[in-house]
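Descriptive analysis of the structure
What follows is each chain in one-letter form.
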Amino acid sequence: IHYFKIKEYLIVEKIRRNSMENNESCCLAKILKVIDIIQKESGCLDIDEGCDRPFLGNTSGAFFYNTRPITLYIRDGSLFKVTYYVNNVATTSSVFRVEEVDDCCAKLRILSTVVSDDVTVYASTGEYVTINLNCFCVLQCLDDTYVEI
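**Quick notes on the overall build of the protein chain**
- Along its length, the protein chain carries two helices and seven strands.
- Along the chain direction, N to C, the helices and strands of the protein chain fall in the order α-α-β-β-β-β-β-β-β.
- Per-residue burial over the protein chain gives 39% buried out of 149 residues.
- The contacts of the protein chain with a sequence gap of at least 6 include a subset with a gap of at least 24, amounting to 56%.
- Here the protein chain has roughly 9000 Å² of accessible surface; of this, 52% comes from carbon and sulfur atoms.

**A look at the packing of aromatic side chains**
- Summed over the entire model, instances satisfying the criterion amount to three aromatic pairs.
- Taken together through their ring pairs, the aromatic side chains of Phe80, Phe96 and Phe136 make up a single cluster.
- It is Lys107 that lies over the ring of Tyr128; its NZ or CZ is 4.5 Å from the centre.

**Concerning unusual backbone geometry**
- Although it is not a glycine, Asn87 sits at a positive phi angle of roughly 50°.
- One non-glycine residue, Asn88, lies in the positive phi region at around 65°.
- Judged by relative accessible area, which is 76%, Asn88 ranks as exposed.

**Brief notes about the environment of Gln140**
- Within the secondary structure, Gln140 sits in strand S7 (residues 136-141).
- Among the polar contacts listed, one links the side chain of Gln140 to the side chain of Tyr73, at a separation of 3.4 Å.

**Section: the nonpolar core**
- Leu32, Ile70, Leu72, Leu108 and Ile131 are the most contacted members of the largest nonpolar core, which has 23 residues in total.
- Counting residues per element, the ones that place at least two in this core are helix H2 (27-40), strand S1 (70-74), strand S2 (82-86), strand S4 (95-102), strand S5 (105-116), strand S6 (119-132) and S7.
- Per-element tally for this core: the top contributor is H2, with five residues.
- Of all hydrophobic cores here, the second largest spans five residues; its members include Val95, Leu111, Tyr122 and Leu142.

Calculation criteria
- Just so you know, the residues in each chain are numbered from 1, in the order the chain's sequence is written.
- Given that this is a predicted model, residues contribute local features only at a pLDDT of at least 70 and side-chain atom pairs are listed and counted only at 80 or more, while totals for whole chains, interfaces and linings are drawn from all residues.
- To get the side-chain values, take all heavy atoms of the structure and skip hydrogens and water.
- Each helix is a run of H or I in the DSSP string that is no shorter than four residues. Each strand is a run of E no shorter than two, and both are numbered from the N terminus.
- Relative accessibility thresholds used throughout: buried, under 20% of the residue-type maximum; exposed, over 50%; partly exposed, between the two (1.4 Å probe, protein chains only).
- Here a residue-residue contact requires only that any non-hydrogen atoms of the pair lie within 4.5 Å.
- Per-residue accessibility takes into account occlusion by the displayed protein chains alone, with areas from the Shrake-Rupley method and a 1.4 Å probe.
- Whether two aromatic rings pair depends on their centres lying within 6.5 Å, for rings of Phe, Tyr and Trp, where Trp uses its six-membered ring; planes under 30 degrees apart make the pair stacked, over 60 edge-to-face, and the rest tilted.
- Either the NZ atom of lysine or the CZ atom of arginine qualifies as a charge over a ring when it sits within 6 Å of the ring centre and within 35 degrees of the ring normal.
- In protein, a polar contact means a hydrogen-donor-capable atom and an acceptor-capable atom, both N or O and within 3.5 Å, with residues adjacent in sequence counting only if both atoms are side-chain atoms; elsewhere, any N or O pair within 3.5 Å suffices.
- Residues enter a nonpolar core if they are buried and are Ala, Val, Leu, Ile, Met, Phe, Trp, Tyr or Cys, with the set joined through side-chain atoms within 4.5 Å.

Rendered as structure tokens:
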């Protein structure tokens, strides 16, 4: 297991514990809000790891990324998936791009995933889902990438 994945997990666990202790029901909203902001505007140079890293890419100078893809897990530990349609064919996805966060609600763009030669490419489906963040307990950030919007 990579150091960054362990640290990301520990950050999520710390937020979860603090949320339970402080009865804050929407700790994921804070992280998603950070992702939303950095996807919309770049320029913060503080270096950190995890979902709330204040820039996209591996370094603060990597301006060719515009998306931090995420997955969410519901309370029973199941991966959250939604159905979307391509040419009237139902397909599922568990990967999203944050579009807006308002209190404990988030509008997420559904991303399709294509893996080719061990490289994962994400594409916008043009479909969205609005979720209540109180229904989720784990947020996983995937590698930053560029998605044609």
